[in-house]
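# Structural description and commentary
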Amino acid sequence: MELRAPTTVTSSSRTARLLTSVALWFDSGAVPVVPGEGAGTGRRIDWLRVLPFIGIHAGCAGVLLVGFSWTALGTAMFLYALRMFAITGFYHRYFSHRAFQASRAMQFLFALIGASSAQRGPLWWASHHRHHHVHSDTPGDPHSARQHGFWWSHLGWFLAQRSFAIRQERVQDLARFPELRFLDRFDLLVPFALGALLFGAGAALARLAPGLQTSGGQLLVWGFFVSTTVLYHATFFINSLSHRFGTRRYATRDESRNNLWLSLLTFGEGWHNNHHHFPGAARQGFFWWEIDVTHLGLRALAALGLIRDLKQVPAHILSARLVAGGGRRA
Ligand SMILES: [Zn+2]
Ligand SMILES: [Zn+2]
């Protein structure tokens, strides 16, 4: 009996830990968590906790079962474009940098579309991103490729237990909105609703418009699993590649680069050296030849009166082209 007692305690505490991990899928506030500090601590990954993230990747294999249709591919591409715009235009430029103004209703809509990307809530996203700007490429940077290598900067950092908490001190301006806190706390809700909507729409189209040759399962797999997975890695490339590959116009104190290919993939986020030099602007391509699709989209929203006060790049920044090492990566 004496030998069994510790085993019982261990297994019950392990069960409690597993249940807690599962509870955190549905309610990220189920247990209080504190963000870790320093580069070397708390890098452990709770694999059960991150199972939904792995599951979204695994769901892509469903293409072998549901087949292909142009309707499904078009849906996947549309949802990639809409949600990439939401990540760069709303999660990044609006929530993280306050690069323009919007009404509270529009702000909620932005958060809702952004949350459908399954990249957690707007407070979580903005708090870690603001932290990145403060500590870029130093040991305190949560996802510096220079400090921690490719895989950590690409996806290891946000799978680690220490990164699940919101850095509350960095987003007090956003935390006063209960509707945003709700989306952060129940961050699986909107992606799940999108998946259910796609399944329902596909099932309805299969009956009402058989000529489109789609089905519930097919729209779910292509529109959610495939589209979200491609969107994930395009977004993550900004963390893993845009501080390593490209040119430097401005001699910032970090390693940020400007990269056309990343900009095309992410609708303008690849002008990362520009962005680190002047993060507050609504545009990241500072010149007409630096294609920034998100900025064009934001200008269209402003022309429609849906947003206002897009912050511009000051003239002295545009004229001061402080090229380090001839503009090429040293
Ligand atoms: Zn950066
Ligand atoms: Zn930024």
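Residues numbered from 1 in each chain as written. Chains lettered and ligands numbered in written order. Predicted model: local features only at pLDDT ≥ 70, side-chain atom pairs only at ≥ 80, totals over all residues.

## A short note on the overall build of the protein
Applicable threshold: The secondary structure listing takes helices from DSSP runs of H or I that are at least 4 residues long and strands from runs of E that are at least 2 residues long, numbered from the N terminus. Residues with at least 20 other C-beta atoms within 10 Å of their own are called buried, those with 12 or fewer are called exposed, and the rest are partly exposed. The C-beta atoms themselves are positioned from the backbone. Working definition of a contact: two residues with C-beta atoms, positioned from the backbone, lying within 7 Å.
Helices and strands together make up the secondary structure of the protein, namely 16 helices and two strands. Among the 330 residues that make up the protein, the fraction classed as buried is 37%. Sequence-distant contacts in the protein: of pairs separated by 6 or more residues, those separated by 24 or more amount to 68%.

## As for the environment of Thr247
Here Thr247 shows up in the loop between α12 (216-241) and α13 (260-265). Taking C-alpha positions, Thr247 is 36 Å from Leu180, a pair spaced 67 residues apart along the chain.

## Here's the deal with the packing of helix α4 (residues 70-96) against helix α6 (residues 122-134)
Short version of the rule: To get an axis, a line is fitted to the C-alpha atoms, and for a helix only the part in contact is used. The angle between two axes follows their N-to-C directions and goes from 0 to 180 degrees. For a crossing to be left-handed, the near helix must be turned anticlockwise from the far one by less than a right angle; the clockwise case is right-handed. We call Asp, Glu, Lys and Arg charged. Ala, Val, Leu, Ile, Met, Phe, Trp, Tyr, Cys and Pro are nonpolar, and the rest, Gly among them, are polar.
With their axes 9 Å apart at the nearest point, α4 and α6 run at an angle of 65° to one another. Classified by chirality, the crossing of α6 by α4 is right-handed. Only Pro122, Trp125, Ala126, His129 and Arg130 of α6 make contact with α4, whose side of the interface consists of Tyr91, His92, Phe95 and Ser96. Looking at the contact of α4 with α6 residue by residue, the classes come out as five nonpolar, three polar and one charged.

## What to know about the packing of α6 against helix α10 (residues 178-185)
The cut-off we apply is this: For classification purposes, an angle smaller than 35 degrees is called roughly parallel, one larger than 145 roughly antiparallel, one from 65 to 115 roughly perpendicular, and anything else oblique.
At a minimum axis separation of 7 Å, α6 and α10 run at an interaxial angle of 90°. In terms of their interaxial angle, α6 and α10 are classed as roughly perpendicular. Across the interface between the two elements, Pro122, Leu123 and Trp124 of α6 pack against Leu180, Arg181, Leu183 and Asp184 of α10. Split into classes, the residues belonging to the contact of α6 with α10 amount to five nonpolar, no polar and two charged.

## A look at unusual backbone geometry
Of note in this structure, Arg120 is not a glycine but carries a positive phi near 65°. Position of Arg120 relative to the elements: it lies in the loop between α5 (104-115) and α6.

## Thoughts on the nonpolar core
This is how it is decided: Here a nonpolar core is just a set of buried residues of the types Ala, Val, Leu, Ile, Met, Phe, Trp, Tyr and Cys, joined wherever their C-beta atoms sit within 7 Å.
Counting residues in hydrophobic clusters, the biggest one holds 26 residues, and the most contacted among them are Phe90, Tyr91, Phe95, Leu123, Ala126 and Leu174. Counting residues per element, the ones that place at least two in this core are α4, α5, α6 and α10. Sorting elements by how many residues they give to this core places α4 first, with seven residues. With near-sequence residues (within four places) excluded, Leu174 lies in contact with Phe95, Pro122, Leu123, Ala126 and Leu180. Judged by nonpolar contacts, the second largest core, of twelve residues, contains Leu198, Trp222, Phe224 and Val226.

## Brief notes about the environment of Leu296
By the element assignment, Leu296 lies in helix α15 (residues 293-303). A residue is classified by how many C-beta atoms lie within 10 Å of it, and Leu296, with 13 of them, is partly exposed. Counting along the chain gives 29 residues from Leu296 to Phe267, while the straight-line C-alpha distance between them is 9.6 Å.

## Some details on the confidence of the model for the protein
Selection rule: Per-residue confidence from the predictor is given as pLDDT, running between 0 and 100.
When pLDDT is averaged along the protein, the result is 91; 91% of the residues meet or exceed 70. Predicted confidence for residues 1-7 stays below pLDDT 50, and this span has zero contacts to residues more than four positions away or in other chains. Counting interchain partners and residues more than four positions distant, the pLDDT-below-50 stretch residues 324-330 has eleven contacts.

## Topic: α10
Inclusion rule: Taking the helix axis as origin, the arc is that swept by the directions to the C-beta atoms.
Here α10 has its buried residues at Leu180, Leu183 and Asp184. Here the buried residues of α10 occupy an arc of 100° about the axis, which is enough to place them on one side. Seen from the buried face of α10, the exposed residues on the opposite side, beyond 90 degrees, are Pro178 and Glu179. Contacts made by the buried residues of α10 are with α5, α6, α9 (172-175) and α11 (189-208).

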